[in-house]
Amino acid sequence: MPNITIDGIGFDAPEGWTVLEGARFLGIDIPALCYHEGLSPGGGCRLCVVEIGEGENTKMVSSCTYTIEKGLVVHTATEKVINARRMILELLISQCPTSKTLQDLAAKWGLQQVRFTPKWEDCICCGLCVRMCEEQMMAKAIGFVNRGNELKIATPFDKTSEDCRKCGACMYICPVCTVRCEGAAPEGVLCGRCENSLQPTCLEFYDNFSCWMGLKGECGTCVGEKFEEKKED
Ligand code: FES
């Protein structure tokens, strides 16, 4: 007997695999915003919800955190699952209405109305950036602060953290990408100076988004005179 059956397909999954890994192995598409194969699962967005069990005896679980167990039966696209995902997406969009990723998902699933009051945040508090910072960058510069409606991700006491190396990994991994997708120079986020300079230097110097995390010109590699010349034109 296979140790898992997903949407009617049975197979023996390696020990320790999650339901999401099993589904992906079979090529089944499950939306998973806060999952990344290089990081521990967090279960923060809940979009990867699936239904496990049979008949009356089913329950909803997040597939990225649920480890496969012998005889497990999983359904990834029942009406209950689709409705739950749409409701979760509605909540996420109301939190972060400007996210292109969420808007694309809404378009894909035919979601045309959001019943919750928009909060216009930049973050869905899924915690992927926190795990990235801790597990891959070994920094622990950011973490969850407060609870409930006040929950947010920040540096300790909202102060510049000495542990932050401004590597930009948190922005890079953000699944709703509201910061890095904002365009050329959103105020206070992207440096923007290189883009106004005749010969950008910081992008060559850092080879990533490092300078985007700081204030305009903060990285100190800009060709100042050329920038000033261009500004005067
Ligand atoms: S991907 Fe599973 S909860 Fe976000």
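About the cut-offs
- Residues numbered from 1 in each chain as written.
- Predicted model: local features only at pLDDT ≥ 70, side-chain atom pairs only at ≥ 80, totals over all residues.
- Heavy atoms only, no water.
- Core = buried A, V, L, I, M, F, W, Y, C linked by side-chain atoms within 4.5 Å.
- Buried < 20%, exposed > 50% of the residue type's maximum accessible area, 1.4 Å probe, protein only.
- Helix = DSSP H or I, 4+ residues; strand = E, 2+ residues; numbered from the N terminus.
- Contact = heavy atoms within 4.5 Å.
- pLDDT = per-residue confidence, 0-100.
- Polar contact = N/O pair within 3.5 Å; in protein donor to acceptor, adjacent residues only side chain to side chain.
- Salt bridge = Lys/Arg side-chain N within 4 Å of Asp/Glu carboxyl O.
- Phe/Tyr/Trp six-rings, centres within 6.5 Å; stacked < 30°, edge-to-face > 60°.
- Pairing = 2+ DSSP bridges.
- Axes fitted to C-alpha atoms, helices over the stretch in contact; angles between N-to-C directions.
- Expected span 1.5 Å × (residues − 1).
- Disulfide = S-S within 2.5 Å.

S.K.: If you had to explain the nonpolar core to someone new, which residues and values would you point to?
M.R.: Ranked by size, the top nonpolar core spans 26 residues in total, and within it L33, L47, L89, L92, L102 and I124 carry the most contacts. When residues of this core are traced back to their parent elements, those giving at least two are helix 2 (79-95), helix 3 (100-109), helix 4 (128-136) and helix 5 (169-173). Non-local contacts of I124, meaning those with residues more than four positions away in its chain, are made with L33, L92, Q95, C96, L102, P175 and V176.

S.K.: Describe unusual backbone geometry, naming the residues involved and giving the relevant values.
M.R.: Excluding glycine, most residues fall at negative phi; most peptide bonds, likewise, are trans. Of note, F157 is a non-glycine position whose phi angle comes to about 60°, a positive value. Within the secondary structure, F157 sits in the loop between strand 7 (152-154) and helix 5. One non-glycine residue, D158, adopts positive backbone phi at about 60°. With respect to the element layout, D158 can be found in the loop between strand 7 and helix 5. We classify D158 as exposed; its relative accessible area is 52%.

S.K.: Give a detailed account of the confidence of the model for the protein chain, specifying residues and quantitative values.
M.R.: Here the protein chain averages 82 in pLDDT, while 75% of its residues score no lower than 70. Counting interchain partners and residues more than four positions distant, the pLDDT-below-50 stretch residues 206-212 has 18 contacts.

S.K.: Outline the side chain of Q95, listing residues and values.
M.R.: Relative to the helices and strands, Q95 is located in helix 2. Its relative accessible area of 18% is what places Q95 among the buried residues. Among the polar contacts listed, one links the side chain of Q95 to the backbone oxygen of C123, at a separation of 3.4 Å. Among residues more than four places away in sequence, those in contact with Q95 are K119, W120, E121, C123 and I124.

S.K.: Please give an account of the pattern of salt bridges that cites residues and values.
M.R.: All chains considered together, the criterion is met by 6 salt bridges. With its nearest N and O atoms 3.8 Å apart, the salt bridge here joins K80 to E51. Highlighted residues: K80 in helix 2 and E51 in strand 3 (residues 49-54), separated in sequence by 29 residues. Judged by relative accessible area, which is 44%, K80 ranks as partly exposed.

S.K.: Give me the lowdown on the packing of aromatic side chains, citing residues and values where you can.
M.R.: Given two aromatic rings, their pairing is described by the distance between the two centres and the angle made by the two planes. Following the criterion strictly, the structure yields 2 aromatic pairs and no others. Measuring from centroid to centroid gives 5.2 Å for F11 and F25, while their planes differ by 25°, and the two rings are stacked. Taken as a pair, F11 in strand 2 (residues 9-11) and F25 in helix 1 (residues 19-25) lie far apart in primary sequence, 14 residues in all. Between the aromatic rings of W17 and F25, the centroid separation amounts to 5.4 Å while the plane-to-plane angle is 65°, which identifies the pairing as edge-to-face. Residue classification places W17 among the partly exposed positions, given a relative accessible area of 23%.

S.K.: Describe in detail the sheet that holds strand 5 (residues 72-75), supporting the description with residues and values.
M.R.: Read from one edge of the open sheet, 5 strands run 2-1-5-3-4, paired in mixed fashion. The open sheet has two edge strands, strand 2 and strand 4 (57-62), and neither has a second partner. Strand-to-strand twist of the sheet, defined as the mean angle between neighbouring strand axes without regard to direction, takes the value 30°. Where strand 3 lies against strand 4, 6 bridges are found, and the strand directions are antiparallel. Paired with I52 across the two strands is K59, which belongs to strand 4. Sitting on the sheet, helix 2 is in contact with strand 3, strand 4 and strand 5, with an inclination near 155° to strand 3.

S.K.: With reference to specific residues and values, describe helix 2.
M.R.: The end-to-end C-alpha distance of helix 2, which contains 17 residues, comes to 24 Å, matching closely the 24 Å that a straight helix rising 1.5 Å per residue would cover. If you check which residues of helix 2 are buried, you get V81, R85, I88, L89, E90, L92, I93, S94 and Q95. The inward-facing, buried residues of helix 2 contact strand 3, strand 4, strand 5 and helix 3.

S.K.: Would you mind going over the state of the cysteines in detail, with residue names and values included?
M.R.: One pass over the full model with this rule turns up 0 disulfides. Free of any disulfide, C125 has its nearest cysteine sulfur in C123, 4.0 Å distant. Look at C125 and you get buried, because its relative accessible area is 14%. C133 forms no disulfide, and the closest cysteine sulfur to it belongs to C167, at a distance of 6.6 Å.

S.K.: Just give me the short version of the pairing of strand 3, but keep the residues and values in it.
M.R.: In terms of burial, strand 3 is largely enclosed, as 5 of its 6 residues are buried. Taken together, the 2 bridges between strand 3 and strand 5 define a ladder with antiparallel strand orientation. Counterpart to E51 in the pairing with strand 5 is H75.

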